[in-house]
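Take a look at the letters that make up each chain.
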Amino acid sequence: MRKRVIFISGASGEVGHELIKRLSADGDNHLLTFDLHPLPDDIRQLVDRHVVGDLLNQNTLTRLVSEYEIDVIYHLAALLSTRAEFTPEMAHRVNVEGSMTLLRLASEQSQWRKRPVQFIFPSSIAIYGMPDLESKRIYQRVREFEWNQPRTMYGCNKLYCEMLGNYYSRHYRQLAAEKPVTVDFRGVRFPGLVSAATLPSGGTSDYGPEMIHAAAKGEPYAAFVREDARIPFMAMPDAVSSLLQLAAARQENLSRLVYNVTSFSLSAGQFRDRVLAAFPDARITFEPDPPRQAIIDSWPADLDDSAARMDWDWEPEYDVDRAFDDYLAPQIKKRYQRET
Ligand code: AKB
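Rules of the game
- Residues numbered from 1 in each chain as written.
- Predicted model: local features only at pLDDT ≥ 70, side-chain atom pairs only at ≥ 80, totals over all residues.
- Heavy atoms only, no water.
- Pairing = 2+ DSSP bridges.
- Helix = DSSP H or I, 4+ residues; strand = E, 2+ residues; numbered from the N terminus.
- Axes fitted to C-alpha atoms, helices over the stretch in contact; angles between N-to-C directions.
- Core = buried A, V, L, I, M, F, W, Y, C linked by side-chain atoms within 4.5 Å.
- Buried < 20%, exposed > 50% of the residue type's maximum accessible area, 1.4 Å probe, protein only.
- Contact = heavy atoms within 4.5 Å.
- Phe/Tyr/Trp six-rings, centres within 6.5 Å; stacked < 30°, edge-to-face > 60°.
- Lys NZ or Arg CZ within 6 Å of the ring centre and 35° of its normal.

**Some thoughts on the sheet that holds strand β8 (residues 192-194)**
Reading across from one edge, β8-β10-β12 is the order of the three strands in this open sheet, with mixed pairing throughout. Unpaired on one side and paired on the other, β8 and β12 (264-267) mark the two borders of the sheet. Averaged over all adjacent pairs, the angle separating strand axes in this sheet is 45 degrees, with direction ignored. Pairing between β8 and strand β10 (residues 230-235): three bridges, direction parallel. Counterpart to L193 in the pairing with β10 is M234.

**Here's the deal with the nonpolar core**
By size, the foremost hydrophobic cluster in this structure holds 82 residues, and its most contacted members are I8, Y74, Y207, V275, W312 and F324. Residue contributions to this core peak at eight residues, all from helix α13 (residues 320-339). Each residue touching Y74, except ones within four places of it in the same chain, is listed here: I6, F7, I8, S9, L19, L23, I120, L243, L244 and A247. Counting 29 residues, the second largest nonpolar core, distinct from the first, contains I70, I73, V117 and F121.

**Describing the environment of V94**
Mapped onto the secondary structure, V94 falls in helix α5 (residues 88-113). Separated by 16 residues in the primary sequence, V94 and A78 place their C-alpha atoms 6.4 Å from one another. Excluding residues that lie within four positions of it along the chain, V94 makes contacts with A78, L79 and S99.

**Remarks on the packing of aromatic side chains**
Applying the stated rule across the entire model yields 16 aromatic pairs. Seen from their ring centres, Y167 and Y168 are 5.5 Å apart, and the 85 degrees between their planes marks the pair as edge-to-face. Its relative accessible area of 32% is what places Y167 among the partly exposed residues. Residues Y318 and Y327 carry aromatic rings whose centres are separated by 5.7 Å and whose planes lie at 50 degrees to one another, so their mutual orientation is tilted. Accessibility assignment for this pair places Y318 and Y327 in one class, buried. An aromatic cluster is built from Y207, F224, F233, F264, F271 and F324, whose rings are joined through pairwise contacts. One residue, R322, lies across the ring of Y318, its end atom 4.6 Å from the ring centre. The ring centre of F279 lies 5.4 Å from the NZ or CZ of K333, which sits over that ring.

Now the structure itself:
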């Protein structure tokens, strides 16, 4: 008998950190985690098994499939937007071929167990491409089917993987004599995520979390964007709640496979003001880096998440006030007081 597990790729990253804490709270969940890196010490004991490996190494995954029956895959492994621009071909390999590898694995397991494997996929606002600041100003709250012209390799990768998910869910082997059991692919498009527990790496929305963590450490911070640069953000607990809520939703209620989710939109100047309210001595300046600023300018100022609210009762728990006053400020202060 193979052990039934929830498989998390990219488990050592920011979203994985919060997802593992939340999933492990339910003793019936058995977690098989996978990453290029070991799990951080504070969550290592929360999983049944952690595998340090490369998603592109087929042998590793073949061995795992022989030992485990996978009910759900949370595919978090990715090279984010800024890092992907320095190694675009590597980003394609990790973001697309890595996703293809897991979609094929999920498809094989769905056939074998005659029941769909759920594939939960974090997409991103990076799949959008506003052509200019005037369009970004006019078309503030963007719906899922609008402006799907990404400017970055990461955005291209995420949009293509959404389409692969649609194929594997709805059209896989559509000419075969016998209709196969297909994967149950579902995704959310995340805005910039802000965690109290971890710092991001390689993202272009990182100036938000970097700003508040630097303030808590008493370090000066020069944001690489203009003060007026505006994108949507979300507190990490809400990001993980959206993944869990979408996974739990009844499939018949879903009008689409990939949904916008968001919580609050702020300009970088407004983000600074929120950080100063919590850390009055913070030294925050703005030194725009034109190429990274151009990426941020191509992302929408806000997202229309009404489809998620309608189909699976999505609603953020942390609006901008709660995110800073009840989550980020108190927990980040506690984190760095512990470290001093
Ligand atoms: C990035 O900045 O690349 C990510 C994202 C918005 O998906 N944080």
